[in-house]
Structure formats: structure tokens, C-alpha cells
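Residue-level structural notes
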Amino acid sequence: MSPNSDGIRPPGRVIALADDLSGAAETAALLRIRSTVVLGPAAAPAPAEGEAVVLDLDTRHLSADEAHGTVAAALAGLGAAVGAPDTLVLKKTDSLLRGNLAAEAAAFARGAEGLVIATALPAVGRTARGGVVHLHGTPLHETDAWRAESAPPPRSVAEALGRTARDTGIRAEVVPLAVVRGPAEQLRQRLRTLVADGRTPVCDGESDADLDAVVRAAARCGPGVRLMGTGGLAAAVGRLTDSPDAPSPVLVGGRVRPLLVVVGTAEPTAVAQIAQLTAVGAHHIALPPDALGAPAGAPVLPGLAPGGVTVLSIDGSGGIRPGTARALVAGLARTVAAPAVAGPPVVADLVLTGGETARRVLDALGVTQLFPLGQIQHGAVHSATADGRSVVTRPGSFGDVDSLLRIVRTLRPGLRPHPVPQGEAL
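Residues numbered from 1 in each chain as written. Predicted model: local features only at pLDDT ≥ 70, side-chain atom pairs only at ≥ 80, totals over all residues. Heavy atoms only, no water.

1. What to know about the overall build of the chain
- From N to C terminus, the chain includes 13 helices and 18 strands.
- Out of the 426 residues in the chain, the part that is buried amounts to 54%.
- Total accessible area on the chain is roughly 16500 Å²; 55% of this is exposed by carbon and sulfur atoms. (Helix = DSSP H or I, 4+ residues; strand = E, 2+ residues; numbered from the N terminus. Buried < 20%, exposed > 50% of the residue type's maximum accessible area, 1.4 Å probe, protein only. Areas by Shrake-Rupley, 256 points an atom, 1.4 Å probe, with all protein chains shown as cover.)

Written out as C-alpha cells, the structure reads:
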């Protein structure tokens, strides 16, 4: 590709690895080039010129050693494409530092000349200052964002990078905001010096302009330097291409199918988001945890009417036992894939909230690839499947109270769901 307006040659192709499906789809949509999301960890094809392959490794729930091995195997499986001089290699991380950050960083850095990390995601109020992640100005470790995790949140990115029993070899060094916002050559030299000394730059950032500066400086450090960060960093890579804005979502051709919204997240905002849909007549089915958590079998959905909107969620009114989240999500997936009361499995368009929910549902349906069409809102990515079905994925922690309503109205413009009894439980 030709150099852009800054004299930087954009990558000819992009390989990105993600630890969950909603993050993979977010990354693919933000890169602004033709992308394919592959539901791994099975081997992914190397991208063609001007394209990206984003591999969901589904490692968020694995042990540190398993996640390390999965990342290493994925890079090895991509072979020479990883080291090609025209290929940018990116590791998507969770903006709240959840998952196996340390183990995956260690595996991702192996074989690279260096690694540059930037964890800010300004679009949803997540910034980094002094090496500490902030949520709307509050340090991560002072929020309740890790309430569903088994450990307390890290006090800094460096601490998160050290959370593993193995020696990762990652020596984190904060690149403060003053340097990120300083002269471009000063930032490039800082990154090069740290990399040459075997250290890993962890760059502060509070705006898209900060992330743009980091990506441009890293690009000037040579193709052997890899990037690791949030969807905000992927968006900065997309802006490096000087391409037009990322495409808006479009309707997928074909008949109007039922629309099934599957909410597997435990985020408090989910209840209010569902209420927005039921207020305009969407059919809400709240499934009891005892039925979903059974090791075999699944509740059976009623028939879904073409053009209708159904919301499927976990009934949390009686509380949910700690440690059962994955089993409950698996139950939701089995329910979606099971035959309906009226006959064979219903082919529905899908809205899936939470990376774990999205992956388990698509696995149950046998979907192995997604083709992103655009974003409805930040992180809510509209994709098509090989058979033309619409799938919207969105991280569970994203979205305002009207998030699901906006997604539904984008997929079904002008449609008003049919009034039906609310809050039905199977």
C-alpha cells in the first residue's frame, strides 16, 4: 500500500488475535478493511492483501497455561504470514484487563522484535494514566467492574502483566501522557529505546488522538514490533490507512426471519435494556437457572414468528449462585440450538450480548466464521454468516439503557414488535 498523508506505509494485511468473540468482532469492524472473524482456535487462513483475519481464540475462561499455549499455537499455525514485513500483528485485550493478560502477552511477544501496549478505549470512557486504567475517571481497582471475577482487579497494567506463576519476561515501562502527546519523533525514539532494552512500553492514553500517536510511532519502529491493546488501538490502526469511515451496518438480503436477542450478561444495565424492548412489545422469555444449569437437555423455545422479536435471558430474580455463569450460558446456547416446540430448529437472526454468550451460541449452531458489515454502536457489530443470517455481537459491559432497542431498530427499521404477554418463564 502507498504511504498515507503522514508518510507512513499502512500494513498490507492485518492478523489479530482476540480472547473472546465480541472483542474479535469489535476489532474486525474497527480495522476499516475487509475482515473475516474466525471462531478458533482452529487454524485460520492468512489474510489476503488488503484484508484482515481476526481469530477468536476463546481463551477468556482458560487457565493461564492453556491460554499461553493457545496463543503460541495460533501464531505458529499462521506460519510465515506472522513475520511478513507487510503484515501488522495485533493482540486484542479486554479494556478492563480481564482474562489471561500476562500469559497471553508473554506468548504473543515471543518471536517479535518488541511489543507496544495501549489499553485505553476512549469511546466508552476507559482511559489510562500513569499506567492505571480508569473508568470514567475512576481507577479500575476502585470500581466494581470486576464484581463477577474471582480475584480483585489489578491496580495497574504492570500488575496485571505480572499475574501469572510463570516468568513472562515482560518488563513493563509506562510511557506517560506527556510523552505520548509530545513530538512524534520523541515518542518514536522512546518506544525504540525501550524495545531495544528488552522492555515493554505501556502507553498512557485518554483520547483517540493519543492512540493514533502510539500507532504511528510504533509503525515507524519497524514491522517486527507488535501491538497489544483494546478496540481503541484497533480503531487507530484503521485510521492509519486513511480509508473512509468504517461502513455502517446494512440489512442482509433475504426473507425477514425471527429476531432472537440472547442476553447472557450479568451486567446490571441488562435488565434496563431488556425493559426497553419489552416496553415496545418484544416477547421476553426469562429462563430459570435450575433449568439452564442442568448438565443435559435444555428448555424448549416456543415457535418464533417471522418478523417477531424475542428476548431470551436468565431469570436472576432469585439470585444466581457464584461460579455457575458458564454453565448457565451453555444452557442458553443449547436452548437456542434445540428444536422449537413447533418442529425443527428455527433459523433466526441473532443479537448476542457478552463474548461468552455469543461464542457458545454460535458454537451450538455450527457457525465458524463471521463477516462484519459495520457497527450499530461502539462494540455492537453487525455481521453476516455464510448462510446470510444476521448476527450482532456486543460486549456485555457496553451499551446505554437503550442499547438493545437501537440494535433491534437498526435490524428491523420501522418494525414495532407485536404485543404479547411479558416476562414469560419456561
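2. Some details on the packing of helix H9 (residues 269-279) against helix H13 (residues 403-411)
- Following both chains from N to C, one finds H9 and H13 inclined at 45 degrees, their axes separated by 7 Å at the closest point. Relative to H13, the element H9 is oriented oblique. Contacts from Gln273, Ile274, Gln276 and Leu277 of H9 reach H13 at Ser403, Leu404, Leu405 and Val408. (Axes fitted to C-alpha atoms, helices over the stretch in contact; angles between N-to-C directions. Parallel < 35°, antiparallel > 145°, perpendicular 65-115°, else oblique. Contact = heavy atoms within 4.5 Å.)

3. What about H9?
- Listed as buried for H9 are Ala270, Gln273, Ile274, Leu277 and Thr278. Relative to the axis of H9, the buried residues are bounded by an arc of 140 degrees and lie together on one face. Among the exposed residues of H9, those pointing more than 90 degrees away from its buried face are Val271 and Ala279.
- Buried-residue contacts for H9 involve strand S12 (259-263), strand S13 (283-287), strand S14 (309-314), strand S18 (390-394) and H13.
- Among the residues trailing H9, Gly281 stands out with phi positive, at a value near 105 degrees. (Arc of directions from axis to C-beta.)

4. Overview of unusual backbone geometry
- That bond from Gly40 to Pro41 is cis: its omega, 15 degrees, falls within 30 degrees of zero.
- Mapped onto the elements, Pro41 comes out in the loop between strand S2 (34-39) and strand S3 (51-56).
- Unlike most non-glycine residues, Arg32 shows phi in positive territory, near 65 degrees.
- As for its position among the elements, Arg32 is in the loop between helix H1 (21-30) and S2.

5. Description of the sheet that holds strand S8 (residues 138-139)
- Taken together, three strands build an open sheet; the order of strands is S6-S7-S8 and the sheet is antiparallel. If you trace the sheet from one side to the other, it starts and ends with strand S6 (126-129) and S8, each paired once.
- Note that S6 and strand S7 (residues 132-135) share four bridges and pair antiparallel. In the sheet register, Ala128 faces S7, and the bridge partner there is Val133. (Pairing = 2+ DSSP bridges.)

6. Regarding the pattern of salt bridges
- Tallied over the entire structure, the rule returns 29 salt bridges.
- Here Glu206 ties to Arg181 by a salt bridge, and the two come within 3.8 Å at their closest N and O atoms. You can see Glu206 sitting in the loop between strand S10 (200-203) and helix H7 (208-219) and its partner Arg181 sitting in the loop between helix H5 (177-180) and helix H6 (184-196), a full 25 residues away along the chain.
- On the basis of relative accessibility, which here comes to 47%, the residue Arg181 falls in the partly exposed class.
- Across the pair Asp208 and Arg239 runs a salt bridge whose closest N-O atoms are separated by 4.0 Å. Separated by 31 residues along the polypeptide, Asp208 in helix H7 and Arg239 in helix H8 (residues 231-240) bring together distant segments of the chain.
- For Asp208, a relative accessible area of 37% corresponds to the partly exposed category.
- Through salt bridges with shared partners, a single ionic network connects Asp56, Asp58, Arg326, Glu356, Arg359, Arg360 and Asp363. (Salt bridge = Lys/Arg side-chain N within 4 Å of Asp/Glu carboxyl O.)

7. Concerning the nonpolar core
- Core analysis: the biggest nonpolar cluster contains 62 residues, and Leu191, Leu227, Leu260 and Leu362 have the highest contact counts within it.
- Membership of the second largest hydrophobic core comes to 33 residues, among which are Leu78, Leu135, Trp146 and Val202. (Core = buried A, V, L, I, M, F, W, Y, C linked by side-chain atoms within 4.5 Å.)

8. Observations regarding the packing of aromatic side chains
- Overall, the coordinates contain zero aromatic pairs when judged by the stated rule.
- Across the ring face of Phe108, the terminal group of Arg226 is positioned such that the distance to the ring centre comes to 5.6 Å. (Phe/Tyr/Trp six-rings, centres within 6.5 Å; stacked < 30°, edge-to-face > 60°. Lys NZ or Arg CZ within 6 Å of the ring centre and 35° of its normal.)

9. Re the side chain of Thr353
- Of note, Thr353 is situated in strand S15 (residues 349-353).
- Its relative accessible area of 1% is what places Thr353 among the buried residues.
- Sequence-distant contacts of Thr353, defined by excluding residues within four places in its chain, comprise Val262, Val263, Gly264, Thr265, Arg394 and Leu404.

10. Comments concerning helix H3 (residues 101-109)
- Within H3, eight of the nine residues are buried, which leaves the element mostly enclosed by the surrounding structure.
- Among all positions of H3, only Leu101, Ala102, Ala103, Glu104, Ala105, Ala106, Ala107 and Phe108 are buried.
- Residues of H3 that are buried in the fold lie against strand S1 (13-18), helix H2 (64-78), strand S4 (87-92), strand S5 (114-118), helix H4 (157-161) and strand S11 (225-229).
- One or two steps after H3, the chain reaches Gly111, where phi turns positive at roughly 90 degrees.

11. Some details on the environment of Ala106
- Assignment of secondary structure puts Ala106 in helix H3.
- Of the residues examined, Ala106 reaches a relative accessible area of 10% and is grouped as buried.
- Ignoring anything within four residues of it in the chain, the contact list for Ala106 reads His68, Thr168 and Ile170.

12. Observations regarding the side chain of Arg13
- Along the polypeptide, Arg13 turns up in strand S1.
- At a separation of 3.0 Å, a polar atom in the side chain of Arg13 contacts the main-chain carbonyl oxygen of Pro47.
- If we ignore the near neighbours within four places in the chain, the residues touching Arg13 are Pro47, Ala48, Glu49, Glu51, Asp86, Thr87 and Leu88. (Polar contact = N/O pair within 3.5 Å; in protein donor to acceptor, adjacent residues only side chain to side chain.)

13. Some details on the pairing of S5
- Counted residue by residue, S5 has five buried out of five residues, so it is predominantly covered.
- Burial along S5 is two-sided: Gly114, Val116 and Ala118 facing one way and Leu115 and Ile117 facing the other are all buried.
- Bridge count for S5 against S11 is five bridges, and the pairing is parallel. In the sheet register, Val116 faces S11, and the bridge partner there is Leu227.
- Note: S5 against S10, two bridges, orientation parallel. Paired with Ala118 across the strands is Cys203, a residue of S10.

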